[in-house]
Amino acid sequence: MIVACSVTLFVVFFFRDPDRGGSVEQNAVLSPADGTILSVQRLEDGNNPLGEPAVKVSIFMSVFNVHVNRIPTDGIIKDVEYRRGRFLSANLDKASEDNENNRITIETSGSRKIVVIQIAGLIARRIACWVKENDHVVQSQRFGLIRFGSRLEVYLPISSEIISESRKKVRAGETIIGYLL
């Protein structure tokens, strides 16, 4: 009985979905996930999901974080691409390349593109995505969920000003990670 109650309480806690969002500064990019920033990397070549020089922000979501994902900036969904893969621990860099993932490309009103990638982890075996191509989306809007520990990556144009740094705690739909310039 105690075990069943504990599991039920954990599942209810895990799938919580608090209201978030509000007005933010112009050109601000919000974190799409709750969690801890693993790294911020400048990628000088175009060999990345954005297809041009970019800044990659990697966010690890532990089982204790809210796992509802949110849109980082207003725009139009240009592409949604699901890819099968492995289920390595999401805090490993190799998870970005090998794990099951879902890529969402957003085009802003300024014709800038942002790519958000939902990456399944060791325990996470399900990625839910609630947006589709040509949807108009607004900042902080819920767009998906990854169940039981995972990772999100955001690819921004290299000209973006990133204000987040490794090990910083972020909240989806609230924490500004950078600005599109």
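Remember, predicted model here, so these are calculated numbers, not experimental data. (Residues numbered from 1 in each chain as written. Predicted model: local features only at pLDDT ≥ 70, side-chain atom pairs only at ≥ 80, totals over all residues. Heavy atoms only, no water.)

### Points about the side chain of S96
Link 1 in the chain: Turning to its location among the elements, S96 is positioned in helix α2 (residues 94-98).
Link 2 in the chain: Of the residues examined, S96 reaches a relative accessible area of 12% and is grouped as buried.
Link 3 in the chain: Looking at S96, its side chain comes within polar contact range of the side chain of R151, at 3.4 Å. (Helix = DSSP H or I, 4+ residues; strand = E, 2+ residues; numbered from the N terminus. Buried < 20%, exposed > 50% of the residue type's maximum accessible area, 1.4 Å probe, protein only. Polar contact = N/O pair within 3.5 Å; in protein donor to acceptor, adjacent residues only side chain to side chain.)

### Quick look at the nonpolar core
Link 1 in the chain: Counting 24 residues, the largest nonpolar core has I77, I106, I114, F143, L152 and I177 as the members making the most contacts within it.
Link 2 in the chain: When residues of this core are traced back to their parent elements, those giving at least two are β3 (54-61), β6 (101-107), β7 (113-120), β10 (142-146) and β11 (150-157).
Link 3 in the chain: If we ignore the near neighbours within four places in the chain, the residues touching I114 are V29, L50, P72, T73, I104, T105, I106, T108, V154, Y155, L156 and L180.
Link 4 in the chain: Among the nonpolar cores identified, the runner-up in size contains six residues, and A54, V115, I117 and I119 belong to it. (Core = buried A, V, L, I, M, F, W, Y, C linked by side-chain atoms within 4.5 Å. Contact = heavy atoms within 4.5 Å.)

### Things to note about the pattern of salt bridges
Link 1 in the chain: What the rule picks out here adds up to nine salt bridges.
Link 2 in the chain: Note that E44 and R42 form a salt bridge whose closest N and O atoms lie 3.4 Å from each other.
Link 3 in the chain: Under the relative-accessibility criterion, E44 is labelled exposed at 55%.
Link 4 in the chain: K94 is the salt-bridge partner of D98, the closest N and O atoms lying 3.1 Å from each other. Of the two residues, D98 and K94 both sit in helix α2, four residues apart, roughly one turn of that helix.
Link 5 in the chain: Several salt bridges share partner residues, and in doing so they unite K56, D93, R151 and E153 into one network. (Salt bridge = Lys/Arg side-chain N within 4 Å of Asp/Glu carboxyl O.)

### Details of the layout of surface pockets
Over the atoms rolls a probe the size of a water molecule, and in doing so it shows where empty space is left.
Link 1 in the chain: In this structure, the largest pocket encloses a volume near 270 Å³.
Link 2 in the chain: Together, 17 residues line the largest pocket, and K56, S96, E97, E153 and Y155 are the ones closest to its centre.
Link 3 in the chain: Taken together, the elements giving at least two residues each to the lining of the largest pocket come down to β2 (35-43), α2, β6 and β11.
Link 4 in the chain: Partitioning the lining of the largest pocket into residue classes produces four nonpolar, six polar and seven charged. (1 Å grid on protein atoms, 1.4 Å probe; cavity = no way out; pocket = protein on both sides within 12 Å on 5 of 7 lines; lining within 4 Å. Points joined across faces, edges and corners; volume = space filled by probe spheres on them. Nonpolar A, V, L, I, M, F, W, Y, C, P; charged D, E, K, R; others polar.)

### As for the side chain of T108
Link 1 in the chain: Counting through the fold element by element, T108 comes out in the loop between β6 and β7.
Link 2 in the chain: Not counting chain neighbours up to four residues away, the residues in contact with T108 comprise T73, D74, G75, I114 and L180.

### A short note on the sheet that holds β6
Link 1 in the chain: Spatially, β9-β5-β6-β7-β11-β3-β2-β13 is the arrangement adopted by the eight strands of the open sheet, whose pairing is antiparallel. Of all the strands in the sheet, the pair left with one neighbour each is β9 (136-137) and β13 (169-170).
Link 2 in the chain: In the sheet, β6 pairs with β7 via seven bridges, with the strands oriented antiparallel. In the strand pairing of β7, R103 is matched with I117. (Pairing = 2+ DSSP bridges.)

### A short note on the sheet that holds strand β1 (residues 28-30)
Strands belonging to one sheet form pairs held by backbone hydrogen bonds; the direction of such a pair is parallel or antiparallel.
Link 1 in the chain: One open sheet accounts for three strands, arranged β1-β14-β12; its pairing is antiparallel. Strands with a single pairing partner mark the edges of an open sheet, and in this sheet they are β1 and β12 (161-162).
Link 2 in the chain: Where β12 and strand β14 (residues 176-179) come together, two bridges link them in antiparallel fashion. Bridging across to β14, I162 finds its partner in G178.

### Considering the confidence of the model for the protein
Link 1 in the chain: Summing up the model confidence of the protein, the mean pLDDT is 88 and the portion of residues at 70 or higher is 87%.
Link 2 in the chain: Put simply, helix α1 (residues 2-14) is where the protein has its lowest mean pLDDT, 54, and β9 is where it has its highest, 98. (pLDDT = per-residue confidence, 0-100.)

### Some points on the environment of L152
Link 1 in the chain: Tracing the backbone shows L152 in strand β11.
Link 2 in the chain: When its relative accessible area of 0% is taken as the criterion, L152 is described as buried.
Link 3 in the chain: When the C-alpha positions of L152 and D34 are compared, they lie 9.4 Å apart, and in sequence the two are 118 residues distant.
Link 4 in the chain: If we skip the residues at most four places from it in the chain, L152 touches P32, A33, V57, S58, I59, M61, N69, V116, I117, Q118, F143 and I146.

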